Amino acid sequence: GGGFYRGVGTSTGGGDVWSITIREGGLMAIGGSDDSLIRLMDVSRGFPVLCGVLFGHKDRVSSVCFNPQGTLLASGSFDKSIRIWDMSENEPTLMQELRGGGGGAPPGG
């Protein structure tokens, strides 16, 4: 999928977990390890099985969330970007990248 997805057989990595989201059917996305990857795990059998990795963020992934239909995944990173992933096909693809500015609190916050 556009050079942003690796299938089964990739490393499960390590480090802190910052965010987990699970969609109906048992696909779980995990973000937060120091390697800037999003791990996709199948948990439908009662135990996690790595089934793919999304990559492209340049820093730690701090947040992941599926839309209610489970067809889109949003990921936020300390690289000041939000990525929207199309999860409707067997191989996820990057749909859009939104870049942030300087960060910090909103005006008046």
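Note that the structure is predicted; figures quoted are calculated from it, not measured.

Notes on the environment of D42
For D42, the location among the structural elements is in strand β4 (residues 38-42). When the C-alpha atoms of D42 and G52 are compared, they prove to be 9.3 Å apart, with ten residues separating the residues in sequence. Residues contacting D42, with those up to four places away along its chain left out, are G26, F47, P48, V49 and C51. A distance of 2.7 Å separates the side chain of D42 from the side chain of S44, its partner in a polar contact.

Overview of the nonpolar core
One finds L27, A29, I38, L40, L54, V61, V64, F66, L73, W85 and M87 forming the largest nonpolar core, which totals eleven residues. The set of elements that each furnish at least two residues to this core consists of β3 (27-31), β4 and β6 (61-66). When residues in this core are grouped by element, the largest group, three residues, is from β6. For L27, the contacting residues outside a window of four places in its chain are T21, I22, L40, M41, C51, F66 and M87. Ranked by size, the runner-up nonpolar core spans six residues in total, among them M28, L37, M41 and L50.

Regarding the packing of aromatic side chains
In this description, an aromatic ring pair is defined by two values, namely the gap between the centres and the angle between the planes. Applying the stated criterion across every chain, the model contains one aromatic pair. Relative to F78, the ring of W18 has its centre 5.2 Å away and its plane inclined at 80°; by these criteria the two rings are edge-to-face. A residue pair is termed long-range when its members are at least 10 positions apart, and W18 in the loop between β1 (5-6) and β2 (19-23) and F78 in the loop between β7 (72-77) and β8 (81-86) qualify at 60 residues. On the accessibility criterion, F78 (43% relative accessible area) is partly exposed.

Some points on the sheet that holds β8
Here we have four strands laid out as an open sheet, ordered β6-β7-β8-β9, and antiparallel in their pairing. The sheet terminates laterally at β6 and β9 (93-99), the two strands that pair on one side only. Going across the sheet, the axis of each strand differs from the next one's by a mean of 20°, ignoring polarity. Sheet topology note: the β6/β7 ladder contains five bridges and is antiparallel. Residue pairing for β7: F66 is matched across the bridge by L73.

Thresholds, definitions, all that
- Residues numbered from 1 in each chain as written.
- Predicted model: local features only at pLDDT ≥ 70, side-chain atom pairs only at ≥ 80, totals over all residues.
- Heavy atoms only, no water.
- Helix = DSSP H or I, 4+ residues; strand = E, 2+ residues; numbered from the N terminus.
- Contact = heavy atoms within 4.5 Å.
- Polar contact = N/O pair within 3.5 Å; in protein donor to acceptor, adjacent residues only side chain to side chain.
- Core = buried A, V, L, I, M, F, W, Y, C linked by side-chain atoms within 4.5 Å.
- Buried < 20%, exposed > 50% of the residue type's maximum accessible area, 1.4 Å probe, protein only.
- Phe/Tyr/Trp six-rings, centres within 6.5 Å; stacked < 30°, edge-to-face > 60°.
- Pairing = 2+ DSSP bridges.
- Axes fitted to C-alpha atoms, helices over the stretch in contact; angles between N-to-C directions.

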